[in-house]
Amino acid sequence: MEFDAMAEIKEHIVLVLQGGGALGAYQAGAYQALADSGLRPDWVAGISIGAINAALICGNEPEKRLAALQGFWDRVTSRLAIAPWFVGPFGRMIYGEAAAATVMATGVPGFFKPRPPAAFLPLSHHSAISVYDTTPLRDTLLEFVDFDHLNTTGPRLSVGAVDVETANFVYFDSAKTRITPEHIMASGALPPGFAPVEIDGRFYWDGGLVSNTPLQFVMDNLGVDPALIFQIDLFSARDTVPAAMTDVAQRQKDIQYSSRTRLTTDRYRQLHDIRMTANRLAAALPQDLRDNPDLRALQATGPDCPITLVELIHRKQSFEGGAKDYEFSRLSMTQHWNEGQQDVDRTLNHKDWKSRVAGQDGLQLFDLGAPDTPTKGKSK
């Protein structure tokens, strides 16, 4: 599949990767489909598992990125590589719940391992403050990410975390800071499972505690060139009312981790509308009134560049429950990966995408990944 929408106008390509644990394989599959279509990111921003995928992309030469992603996801799903026999959706659900229970009891290879029970005894100030030890993740990152490449010639990388003591949301950005494994680990240090990560004397937890998507940071820091943003979310905002207690935790996570994405998208639509209204007002005013500072401020609202925002959303399968974000089985990883590929292919082959005008002023929004999806212009 060839991609020619950018032939006339060069767009700055940005990947925005949401957090979501084991669901992150969806982002890897989406990246593979984007790369196969000739779309190489200039900037990747991520939180939690999105930060790990972002580091794997930015920390490798283009021809090595897919192998790095595959190597990481094979590593973390190796303990549950073989699926037992099961029958139908219910059997698949039982398998998934059993796989998640195994993760809780034994950890994930190359990612985290349980702390010994003695670590939690309050015998001293060294008592553990997390259930799992993420030391294995540091070794895995060093194996699959070339941090010298990431900090010199790789695409720009931004990862979000929250300061434990001040609750301030911060971004570690390779445009300003030398990124290390600790920055990636900090972005994914979700309590109480994972301990905060120390960086320059400060301690940081998972950025998803404040916002599970880095979209606002990206929108606030775009330049003047047209931007093509692929926002790859792992939790869907829309679903049915839970029919049983087993569905409640899953739906709670979807709402909790998707709401900020929708809020950010709606906010920038409003900012764009304000900017366009101010421009129309300025055109109708006499020349001597067009330099009013309040009017100029309204005209400067929002990003200075045309934006195309493509939403790619992992949508819950019937067998997935509240444990879907820590169900690290090879079976589910492969399925999520394939779904990411399929949603990108479906988007780039959609008639609305093929007919879009690249670099068109304002905010163009596309959510075309799902089968029988609505047309452009509708938010989640």
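Structure shown above.
Residues numbered from 1 in each chain as written. Predicted model: local features only at pLDDT ≥ 70, side-chain atom pairs only at ≥ 80, totals over all residues. Heavy atoms only, no water.

1. Some thoughts on the packing of helix H1 (residues 25-36) against helix H2 (residues 49-58)
1) Next: Between H1 and H2, the shortest axis-to-axis distance is 9 Å and the interhelical angle comes to 35 degrees. The handedness of the crossing between H1 and H2 comes out as right-handed. Facing Gln27, Ala28 and Tyr31 of H1, the residues of H2 in contact are Ile49, Gly50, Asn53 and Ile57.
2) Next: Grouping the constituent residues of the contact of H1 with H2 by class yields 4 nonpolar, 3 polar and no charged. (Axes fitted to C-alpha atoms, helices over the stretch in contact; angles between N-to-C directions. Helix = DSSP H or I, 4+ residues; strand = E, 2+ residues; numbered from the N terminus. Left-handed = near helix turned anticlockwise from the far one by under 90°. Contact = heavy atoms within 4.5 Å. Nonpolar A, V, L, I, M, F, W, Y, C, P; charged D, E, K, R; others polar.)

2. Brief notes about the side chain of Glu320
1) Next: For Glu320, the location among the structural elements is in the loop between strand E10 (307-313) and helix H11 (330-348).
2) Next: Among the polar contacts listed, one links the side chain of Glu320 to the backbone nitrogen of Gln317, at a separation of 2.9 Å.
3) Next: One polar contact links Glu320 to His336, side chain to side chain, over a distance of 2.7 Å.
4) Next: The contact partners of Glu320, leaving out residues within four places of it in the chain, are Leu23, Gln250, His314, Arg315 and His336. (Polar contact = N/O pair within 3.5 Å; in protein donor to acceptor, adjacent residues only side chain to side chain.)

3. Things to note about H1
1) Next: Counted at 1.5 Å a residue, the expected span for H1 with its 12 residues is 16 Å, and the 17 Å between its end C-alpha atoms agrees.
2) Next: Most of H1 is tucked away: 10 of the 12 residues are buried.
3) Next: Listed in full, the buried residues belonging to H1 are Ala25, Tyr26, Gln27, Ala28, Gly29, Ala30, Tyr31, Gln32, Ala33 and Leu34.
4) Next: In the core, the buried residues of H1 are packed alongside strand E1 (12-17), H2, helix H3 (62-76), strand E9 (227-233), E10 and H11.
5) Next: Residue Gly38 follows H1 closely and has a positive phi angle near 85 degrees. (Expected span 1.5 Å × (residues − 1). Buried < 20%, exposed > 50% of the residue type's maximum accessible area, 1.4 Å probe, protein only.)

4. Examining the pattern of salt bridges
1) Next: For the structure shown, the criterion picks out 17 salt bridges.
2) Next: A salt bridge links Glu165 to Arg202, with the shortest nitrogen-to-oxygen separation between them at 3.5 Å. Taken together, the residues Glu165 in the loop between strand E5 (156-163) and strand E6 (169-173) and Arg202 in strand E8 (residues 202-206) connect sequence positions 37 residues apart.
3) Next: Here Asp343 ties to Arg346 by a salt bridge, and the two come within 2.8 Å at their closest N and O atoms. Of the two residues, Asp343 and Arg346 both sit in helix H11, 3 residues apart, roughly one turn of that helix.
4) Next: Overall, Asp343 belongs to the buried group, its relative accessible area being 10%.
5) Next: Residue Arg346 is classed as partly exposed on the basis of its relative accessible area, which comes to 29%.
6) Next: Connected through shared salt-bridge partners, Asp163, Glu165 and Arg202 make up one network. (Salt bridge = Lys/Arg side-chain N within 4 Å of Asp/Glu carboxyl O.)

5. Comments concerning the packing of H2 against H3
The description of two helices packed together rests on the angle between their axes and the distance between the axes.
1) Next: Interhelical geometry of H2 versus H3 gives an angle of 140 degrees and a closest axis separation of 8 Å. By the angle between their axes, H2 is oblique relative to H3. In contact with Ile49, Ile52, Asn53, Leu56 and Ile57 of H2, H3 contributes Arg65, Ala68, Leu69, Phe72 and Trp73. (Parallel < 35°, antiparallel > 145°, perpendicular 65-115°, else oblique.)

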